[in-house]
Amino acid sequence: NAGVTQTPKFRVLKTGQSMTLLCAQDMNHEYMYWYRQDPGMGLRLIHYSVGEGTTAKGEVPDGYNVSRLKKQNFLLGLESAAPSQTSVYFCASSSDTDTQYFGPGTRLTVL
Amino acid sequence: GENVEQHPSTLSVQEGDSAVIKCTYSDSASNYFPWYKQELGKGPQLIIDIRSNVGEKKDQRIAVTLNKTAKHFSLHITETQPEDSAVYFCAANSGAGSYQLTFGKGTKLSVIP
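Just so it is clear, the model here is predicted, and its values are computed rather than measured. (Residues numbered from 1 in each chain as written. Chains lettered and ligands numbered in written order. Predicted model: local features only at pLDDT ≥ 70, side-chain atom pairs only at ≥ 80, totals over all residues. Heavy atoms only, no water.)

Participant: What exactly am I supposed to notice about the layout of surface pockets here?
Facilitator: The gaps left among the atoms become clear once a water-sized probe is rolled over them. Reported here for the largest pocket is a volume of approximately 770 Å³. Of all the elements in the fold, those that place two or more residues in the lining of the largest pocket are β4 (31–38), β9 (87–94) and β11 (106–110) of chain A together with β9 (86–93) and β11 (107–112) of chain B. The biggest single contributor to the lining of the largest pocket is β11 of chain B, with 4 residues. Across the lining of the largest pocket, the residue classes break down as 12 nonpolar, 14 polar and 7 charged. Each pocket or cavity is described by its volume, and for the second largest pocket that value is around 400 Å³. (1 Å grid on protein atoms, 1.4 Å probe; cavity = no way out; pocket = protein on both sides within 12 Å on 5 of 7 lines; lining within 4 Å. Points joined across faces, edges and corners; volume = space filled by probe spheres on them. Helix = DSSP H or I, 4+ residues; strand = E, 2+ residues; numbered from the N terminus. Nonpolar A, V, L, I, M, F, W, Y, C, P; charged D, E, K, R; others polar.)

Participant: Would you take a moment to explain the state of the cysteines for this structure?
Facilitator: Put plainly, two cysteines are in a disulfide when a covalent bond ties their sulfur atoms together. All names here are of chain A. All chains considered together, the criterion is met by 2 disulfides over all chains. Here C23 connects covalently by a disulfide to C91, the sulfurs 1.9 Å from one another. Because the sign of the S-S torsion sets the handedness, a value of about -75° for the bond joining C23 and C91 places this disulfide among the left-handed ones. Residue C23 is found in strand β3 (residues 19–25), and its partner C91 is found in strand β9; the two are separated by 68 residues along the sequence. (Disulfide = S-S within 2.5 Å.)

Here it is in structure tokens:
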């Protein structure tokens, strides 16, 4: 039981490049979330999903897209990366409206 | 929407002393308040949570208290140890039954041996 895993762990992009972050969970959770963490800002919700095939915007969705084609996977896409998207990205999942379990994070630098 | 304020932003204590971190929230409909611990280079890990029908909850050296009237909740760590050094985040859900959490900005706790 690996819990929540994230791929890749680190990535460096140039401005304008695109990439996809992958989140996978093996706990059969319905809900999945993408957060970004910036120094002194805590965790801010980017997008979330309440089930396979559904997605919704969180607090800071601009510049990101997501997809939930399979229940166990939640993808976060950056179509045209900007330096302001340099951050640590965390995925989380939950089985109900309460406890969220977090992955180890992806550190992204946009030059 | 929900707003969560967390204080202090940094806290240093001597090993064996107690540490207290406080949070306030704005949405009176919030009913779930988790606390997460984040070690360097890792993801946040849930350490304790409390629901609005309970005033206090304990788990060994960790306790959380909730004052619904004042809309604040606190994390108490007793007999602190060096391994308690980490960043701690409080959070509140966005109304009863909501799956969205709003996080405080974190408290960096340093336990000095």
